Every structure is written in C-alpha cells, then in structure tokens.
Amino acid sequence: MDKSLQNLQQFSNFYIDFHEKIFNTHVKCMQHLFAAIPFQKFNKIDIAEKIKHRQPILNPQQLIIEEKDLEQLFDFVYPVVKQYLHLRKKEVSRLGELNDKRKFSLKELLIALINKDTQTFDNFSKKLAVPSLLLEMITELISAPYFELVAEFFSKKLSKFQWCEPFCPICGGIPSMAQINEQTGLKILWCRRCNNPWTFTDKICPHCMNSEIKSQSFIFLTNFKPYRIEACNKCNNYLKTIDNLIQFNQVNFSVVNIATYYLDLLAKNYGYQLNNYVRFYFDQQQFS
C-alpha cells in the first residue's frame, strides 16, 4: 500500500474511533451534569439584553459550574485521551498526574477558553510543562457536554430573537460548519463546542466578515456531493458547508463534522489555516 494511503487509513481509524469513544463518554458526562448543575439559575439571565449588546450568553460570571464538576468531567474524558494520544503519551500522563494533585484549575482554563485567552493557556503551559494546544483541547473535550446542555436549555428562548453574528450566541465559539440553501439564501452556522446552530448572511466570511466574492473560493469535490469548502483568501480561513439542495435529510452536524475530515485535509493542502481543534489531531498522528 502506498505510504500516503496507509497514513490516511491510519488517521481515519484513529480519528473516527477516538470521536466515537468521546461521543459515548460525553453522554455519561451529560447525565452527571444534568443531576449536578442547577440550570434553573440561568433563568436570571436577560437574553434580550445579551442579544442587544451582541454578547454570547455564557460568560465567566455566569457559568454555574463548580471545579468539582469539571474534575468529574476530566475523570470521564481523560482515559479516552490517554488511550488514543500516543504521540503525546508523556505530556498526557503528566497532565493526569497534575490534575490528581489539583495542581491547576480546570475552571480557569474553561474561562480562558470562553474568553479566547491564549495567554492564559500559554502561562499554564509554561508552568505545567504541558503543550498549550493539549491544554486547550482537553478543556474543549471536558467542557463540550456542559456547553451542549446549556445550548439545549436556551434553544427555545433564543428562537424568539434574531441573532446574525459570526460567533455562537451560547458560548461565543466560531463556526466549524455551515448549511446553505442556494435558492433561499438561508445559511445556518454551527458551533462545534456546544452543538448550537444559528442563522447568518450568505457570502460573508464569518472569520473576518469579508463580503468580496472575488476574494472567496468555493471548492467542490464533485457536482453530486453535498459537501464543499468555502474559503476566504483575505484571512485564509475556511468553512465546511453542506448544500441543502443535495442533502435533503436532516443533518447531524456533530457526525458530519467528523465524517468530513477529508475536507479539512483538502483545505490544508490548499494552504488554508486549520483551526486548533483539527490541527491538534493531525499533529497527534504526524499526519501530512
């Protein structure tokens, strides 16, 4: 077998198997959180005020999750991470030992994730001798079940308001995928972190708000596939997009996002910038 094909097969097995285990683990995490977190406290949040000021619902002052709950989530997720991230075995083991000794705060990392505070991750990385990207991904993996439950809690309330920003109204995350109906021009963005969709304007880059069509690229594998890449040549970012006119069935973004990793590879080969989440998994397998 050709070396590149062998690498692709190995990566495919790793990537899909890992996320299948993570999905199953996140179900257990959500069961724990559903019983442990007083979600009714979110009723005090003035959503109209948030929307008016273009602010996502979650912020560091309104997390209502305790350190002990995050530690429980870490205990659920960590064994899966340790099993699969072979190339970072030393750093992953060290992270587990440091967490057992309570040498760092998971909540501080969660706040940094929400605030897109890369400096905090860098500071923790130097202090703990653990790569910053590993810390960021661990934080994403343990917080995703919490984010998703928060998104479910607010979904009906949010439907009464109009939100057309380039970031998620729940957690402030950037979109990982989109769904577009070319006939109506309706575009739906999707947040990987909390599994929340929202409407957006078509033909505008959600990363830099570039609206010049000439500086945007649309990459299709074939005319009969519902998936494509929408890329911006100004900021060098891309978005995996589903064409509603080809894909008629209801879309499970979480599943499709994992299944279309080949589009991330294609975007990488075209020189577009991978987000940290995708780059992390490629780096773990030394995949190129």
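Placed above this text is the structure.
Residues numbered from 1 in each chain as written. Predicted model: local features only at pLDDT ≥ 70, side-chain atom pairs only at ≥ 80, totals over all residues. Heavy atoms only, no water.

## A look at the overall build of the chain
1) Next: A tally of helices and strands in the chain yields 10 helices and six strands.
2) Next: Taken against the 2.2 N^0.38 rule, which gives 19 Å for 288 residues, the C-alpha radius of gyration of the chain at 19 Å falls within 12% of a compact globule.
3) Next: When its C-alpha atoms are laid out on the principal axes, the chain stretches across 55 × 55 × 35 Å.
4) Next: Classification of the 288 residues of the chain by burial places 52% in the buried group.
5) Next: Counted over contacts in the chain with a minimum sequence separation of 6, partners at least 24 positions apart contribute 64%. (Helix = DSSP H or I, 4+ residues; strand = E, 2+ residues; numbered from the N terminus. Rg over C-alpha atoms; globule rule 2.2 N^0.38 Å. Buried < 20%, exposed > 50% of the residue type's maximum accessible area, 1.4 Å probe, protein only. Contact = heavy atoms within 4.5 Å.)

## What to know about the sheet that holds strand β3 (residues 196-200)
1) Next: The mixed open sheet is built from six strands, whose spatial order is β3-β2-β1-β6-β5-β4. Lying at the two open borders of the sheet, with one neighbouring strand each, are β3 and β4 (216-220). On average, adjacent strands in this sheet sit at an angle of 30 degrees to one another, irrespective of strand direction.
2) Next: Contacting β4, β5 (227-232) and β6 (238-243), helix α9 (residues 261-269) crosses the sheet at an angle of about 35 degrees to β5. (Pairing = 2+ DSSP bridges. Axes fitted to C-alpha atoms, helices over the stretch in contact; angles between N-to-C directions.)

## With respect to a positive patch on the surface
1) Next: A cluster of like positive charges, contributed by Lys90, Arg94, Lys101, Lys103 and Lys127, occupies part of the molecular surface.
2) Next: Its location among the elements puts Lys103 in the loop between α4 (89-100) and α5 (106-114). (Patch = residues over 30% accessible without salt bridge, like charges linked within 9 Å, V, L, I, M, F, W, Y side chains within 5 Å. Areas by Shrake-Rupley, 256 points an atom, 1.4 Å probe, with all protein chains shown as cover. Salt bridge = Lys/Arg side-chain N within 4 Å of Asp/Glu carboxyl O. Lys, Arg positive; Asp, Glu negative; His and termini not counted. Charge placed at Lys NZ, Arg CZ, Asp CG, Glu CD.)

## Structural notes on the environment of Phe124
1) Next: By secondary structure assignment, the location of Phe124 is in helix α6 (residues 118-128).
2) Next: Sequence-wise, Phe124 and Leu98 are 26 residues apart; in three dimensions their C-alpha atoms are separated by 12 Å.
3) Next: Sequence-distant contacts of Phe124, defined by excluding residues within four places in its chain, comprise Phe104, Ser105, Glu108, Leu109, Ala129 and Leu135.

## So, the layout of surface pockets
1) Next: Its volume calculated, the largest pocket comes out at about 630 Å³.
2) Next: Every residue lining the largest pocket is counted, 29 residues in all, and those nearest its centre are Glu136, Ile174, Arg192, Asn275 and Asn276.
3) Next: For the lining of the largest pocket, the elements supplying multiple residues, two or more each, are α5, α6, α7 (132-158), β6 and α10 (276-284).
4) Next: Along its surface, the second largest pocket is lined by 22 residues, and Phe23, His26, Glu148, Arg192 and Ser254 are the ones closest to its centre. (1 Å grid on protein atoms, 1.4 Å probe; cavity = no way out; pocket = protein on both sides within 12 Å on 5 of 7 lines; lining within 4 Å. Points joined across faces, edges and corners; volume = space filled by probe spheres on them.)

## Here's the deal with the packing of α5 against α7
1) Next: Closest axis-to-axis distance for the α5/α7 pair is 10 Å, and the angle between their directions is 85 degrees. Considering the angle they form, α5 stands roughly perpendicular to α7. Across the interface between the two elements, Leu106, Leu109, Leu110, Leu113 and Ile114 from α5 touch Leu135, Glu136, Thr139, Glu140, Ile142, Ser143 and Phe147 from α7.
2) Next: A breakdown of the residues in the contact of α5 with α7 according to their chemical character gives eight nonpolar, two polar and two charged. (Parallel < 35°, antiparallel > 145°, perpendicular 65-115°, else oblique. Nonpolar A, V, L, I, M, F, W, Y, C, P; charged D, E, K, R; others polar.)

## Re the nonpolar core
1) Next: Core analysis: the largest hydrophobic core is formed by 92 residues, its most contacted members being Leu58, Ile65, Tyr146, Phe147, Phe154, Ile170 and Tyr281.
2) Next: If you tally residues by element for this core, the top one is α7, at 14 residues. (Core = buried A, V, L, I, M, F, W, Y, C linked by side-chain atoms within 4.5 Å.)

## Section: the pattern of salt bridges
1) Next: Applying the stated criterion to the full structure yields 13 salt bridges.
2) Next: With a closest N to O distance of 3.1 Å, Glu91 and Arg88 form a salt bridge.
3) Next: Look at Arg88 and you get partly exposed, because its relative accessible area is 31%.
4) Next: The closest approach of N and O atoms between Glu230 and Arg228, which form a salt bridge, is 2.8 Å.
5) Next: Given a relative accessible area of 4%, Arg228 falls into the buried group.
6) Next: Taken together, the shared-partner salt bridges connect Glu182, Lys187, Asp202, Lys203, Arg228 and Glu230 into one network.

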